[in-house]
Amino acid sequence: MNRQDLLPIGQFAQASGLTITALRHYDASGVLAPAYVDPDSGYRYFRREQVRTAQFVRALRQLDMPVEQVRELLARTVGGADPVPALHAHLRAAERRLEVQRSLVHGLVTRLTEGADMTHRVTVRQNAAERVLVRGATLRNSGLDAFLRTAYQELYTLAGRGPLVFTGPAFVRFHGVCDEENETLVEACLPFWADGAQPPADLPDGTYVRELPENALARTEVQGPAAAFPEILTAYDAVAAWITDHRYAFAGPVRMVFQRWTGTPDHPDNRLEIAWPFEAPSERSSEPGPEGGKG
């Protein structure tokens, strides 16, 4: 190897605009490996043509692209793939995150100035024991819409083989926090008449029947744009606050009930119910499983 073609890490850092610490990190993470490492001193050297790659890495990181994604993009680029579609996809995702942040700030300002109780009226309804056909999956919020569309297509197809007699609207149960930082078990549910036709015995993986106990539900309704993410989060917060303010205990996963659904998330005719099972603090939940959370 011609040492004149190599730059020591200090000079390479100046040429690329990356710090020495960052270059060491990108080496360790497999993003940008030095061309030569001195076996005695451990000092790193880079080829001169790697400067442009390092500058590209710097630009990608300035776009808040995760290191893992940078590594994958560089690998595909080396393999001859065009990086432009991936950059456009990253931009679209950033725009979606910005829109979510705008909505969250707007909702937070509204809650601070008006209070959640002013926008969400929480009431109580008693819910009978239910038998439900379920399709479950563990996921983040970004995969929620696609999962629910596919899950309900499969569930309604299975229900038609009964045919099942539905006893109420479809609903979703969230067993924990479902956002971009956390994934949780999400269950798409169809309640059906327990004394009527039953689902087929050969249910596919991830699909099952649950027996849900009778319980009390603290609930509120949202409609139109308020039923879309992230605005709908204020409804979950209002119900949770009502339960804690009244010194009750959470008794299972929270539900998102489709009272009326057009298939378009922000359609003005959409009407959803957020309903959370609760009980007196001294009681124990009759349903085993993960603690309830909000989606």
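What counts, and where the lines are drawn
- Think of each chain on its own: its residues are numbered from 1, step by step along the sequence as written.
- Per-residue local features of the predicted model are confined to residues with pLDDT of at least 70, and side-chain atom pairs are confined, for both listing and counting, to 80 or more; whole-chain, interface and lining totals are unaffected and use all residues.
- Note that the side-chain values use all heavy atoms of the structure and ignore hydrogens as well as water.
- Secondary structure elements follow DSSP: runs of H or I of four or more residues count as helices, runs of E of two or more count as strands, with numbering from the N terminus.
- We compute the radius of gyration from the C-alpha atoms alone; for a globule the expected value is 2.2 Å times N to the 0.38, where N is the number of residues.
- Relative accessibility decides the category of a residue: with a 1.4 Å probe and only protein chains considered, values under 20% of the type maximum give buried, values over 50% give exposed, and everything between is partly exposed.
- When checking whether two residues touch, look at their non-hydrogen atoms; a contact exists if any pair is within 4.5 Å.
- Residue-level accessible areas treat just the shown protein chains as cover; the underlying method is Shrake-Rupley with a 1.4 Å probe.
- None of His or the chain ends enter the tally, which takes Lys and Arg as positive and Asp and Glu as negative.
- Here the site of a charge means NZ on Lys, CZ on Arg, CG on Asp, or CD on Glu.
- The span you would expect from a helix comes to 1.5 Å times its residue count less one.
- The pairing criterion for strands is at least two bridges between them, as found by DSSP.
- Residues grouped as a nonpolar core are buried Ala, Val, Leu, Ile, Met, Phe, Trp, Tyr and Cys residues, joined through side-chain atoms within 4.5 Å.
- What makes a salt bridge here is a side-chain nitrogen of Lys or Arg within 4 Å of a carboxyl oxygen of Asp or Glu, nothing more.
- To get an axis, a line is fitted to the C-alpha atoms, and for a helix only the part in contact is used. The angle between two axes follows their N-to-C directions and goes from 0 to 180 degrees.
- Should an angle lie under 35 degrees it is considered roughly parallel, over 145 roughly antiparallel, and from 65 to 115 roughly perpendicular; all remaining angles are considered oblique.
- Left-handed describes a crossing in which the near helix is turned anticlockwise from the far one by less than a right angle; the clockwise case is right-handed.
- Residues are grouped as follows: Ala, Val, Leu, Ile, Met, Phe, Trp, Tyr, Cys and Pro are nonpolar; Asp, Glu, Lys and Arg are charged; every other residue, Gly included, is polar.
- A score between 0 and 100, pLDDT records how confident the predictor is in each residue.

## As for the overall build of the protein
Step number 1: Looking only at helices and strands, the protein features 8 helices and 12 strands.
Step number 2: In summary, the protein has a C-alpha radius of gyration of 26 Å against a globular reference of 19 Å for 295 residues, an excess of more than 25%.
Step number 3: With the C-alpha coordinates aligned to their principal axes, the bounding extent of the protein is approximately 80 × 50 × 40 Å.
Step number 4: Taken across its 295 residues, the protein has 40% of its residues classed as buried.
Step number 5: Summarising the internal contacts of the protein: among those between residues at least 6 apart in sequence, 70% fall at separations of at least 24.
Step number 6: Accessible area for the protein stands at about 16,400 Å²; split by element, carbon and sulfur atoms hold 52% of it.
Step number 7: Distance from the positive charge centre (31 side chains) to the negative charge centre (37 side chains) of the protein: 5 Å.

## Observations concerning helix α3 (residues 50–62)
Step number 1: Compared with an ideal rise of 1.5 Å per residue, which puts 13 residues at 18 Å, α3 spans 18 Å between its outermost C-alpha atoms and is within 8% of the ideal.
Step number 2: Among the residues of α3, those classed as buried are Gln 50, Val 51, Ala 54, Val 57 and Leu 60.
Step number 3: Phi turns positive one or two residues past the end of α3, at Asp 64, with a value near 65 degrees.

## Some points on the pairing of strand β3 (residues 44–47)
Step number 1: Here strand β1 (residues 6–8) pairs with β3 via 3 bridges, running antiparallel. Its bridge partner lying in β3, Pro 8 is registered against Tyr 45.
Step number 2: For strand β2 (residues 36–37) and β3, the ladder comprises 2 bridges, and the chain directions are antiparallel. Among the inter-strand pairings, Tyr 36 is bridged to a residue of β3, identified as Tyr 45.
Step number 3: Here β2 folds back onto β3 in antiparallel fashion, the turn holding 6 residues, of which Gly 42 has a positive phi close to 75 degrees.

## As for the nonpolar core
Step number 1: Core analysis: the largest hydrophobic core is formed by 40 residues, its most contacted members being Leu 148, Tyr 152, Phe 174 and Met 256.
Step number 2: One finds Phe 12, Tyr 26, Ala 54 and Leu 60 within the second-largest nonpolar core, a separate group that totals 21 residues.

## Quick word on the pattern of salt bridges
Step number 1: Scanning all chains against the criterion turns up 14 salt bridges.
Step number 2: Three or more residues are tied together by salt bridges with common partners; here these are Arg 125, Arg 219, Glu 221, Arg 271 and Glu 273.

## Looking at the packing of α3 against helix α4 (residues 67–78)
Step number 1: Put simply, α3 and α4 touch, their axes get as near as 10 Å, and they point 140 degrees apart. Considered as vectors, α3 and α4 are oriented oblique to each other. α4 is crossed by α3, and the crossing has right-handed handedness. The residues of α4 that touch α3, namely those facing Thr 53, Phe 56, Val 57, Leu 60 and Arg 61, are Val 67, Val 70, Leu 73 and Leu 74.
Step number 2: The class makeup of the residues in the contact of α3 with α4 is 7 nonpolar, 1 polar and 1 charged.

## So, the environment of Leu 158
Step number 1: Relative to the elements of secondary structure, Leu 158 occurs in helix α7 (residues 144–160).
Step number 2: A relative accessible area of 7% places Leu 158 in the buried class.
Step number 3: Once the C-alpha coordinates of Leu 158 and Leu 133 are considered, the two residues, 25 residues apart in sequence, prove to be 9.1 Å apart.

## Overview of the sheet that holds β1
Step number 1: Taken together, the 3 strands give an open sheet; going across it, the order is β1-β3-β2, and neighbouring strands pair in antiparallel fashion. Single-partner strands in this sheet number two, and they are β1 and β2.
Step number 2: Along the sheet, helix α1 (residues 9–16) contacts β1 and β3; its crossing angle with β1, the most-contacted strand, is approximately 95 degrees.

## Focus: unusual backbone geometry
Step number 1: Of note, the amide linkage connecting Gly 162 to Pro 163 takes the cis form, showing an omega dihedral of -10 degrees.
Step number 2: Examined against the element boundaries, Pro 163 turns out to sit in the loop between α7 and β6 (171–174).
Step number 3: Unlike most non-glycine residues, Arg 247 shows phi in positive territory, near 60 degrees.

## Focus: the confidence of the model for the protein
Step number 1: On average, the protein scores 88 in pLDDT, and the residues at 70 or more come to 91%.
Step number 2: A low-confidence stretch, residues 285–295 stays under pLDDT 50, and its non-local contacts, those more than four residues away or across chains, total 38 contacts.

## Here's the deal with the environment of Gly 136
Step number 1: Structurally, Gly 136 can be placed in strand β5 (residues 130–139).
Step number 2: Among the residues examined, Gly 136 registers a relative accessible area of 11% and is labelled buried.
Step number 3: As a C-alpha pair, Gly 136 and Glu 187 span 51 residues in sequence and 4.3 Å in three-dimensional space.
Step number 4: The contacts of Gly 136, once residues within four sequence positions are left out, are Phe 147, Leu 185, Val 186, Glu 187, Gly 206 and Tyr 208.

## Digging into the side chain of Thr 123
Step number 1: Summarising the element assignment, Thr 123 is placed in strand β4 (residues 123–127).
Step number 2: Residue classification places Thr 123 among the buried residues on the basis of a relative accessible area of 19%.
Step number 3: In this structure, Thr 123 is in contact with Leu 217, Ala 218 and Arg 219, ignoring residues within four places of it in sequence.

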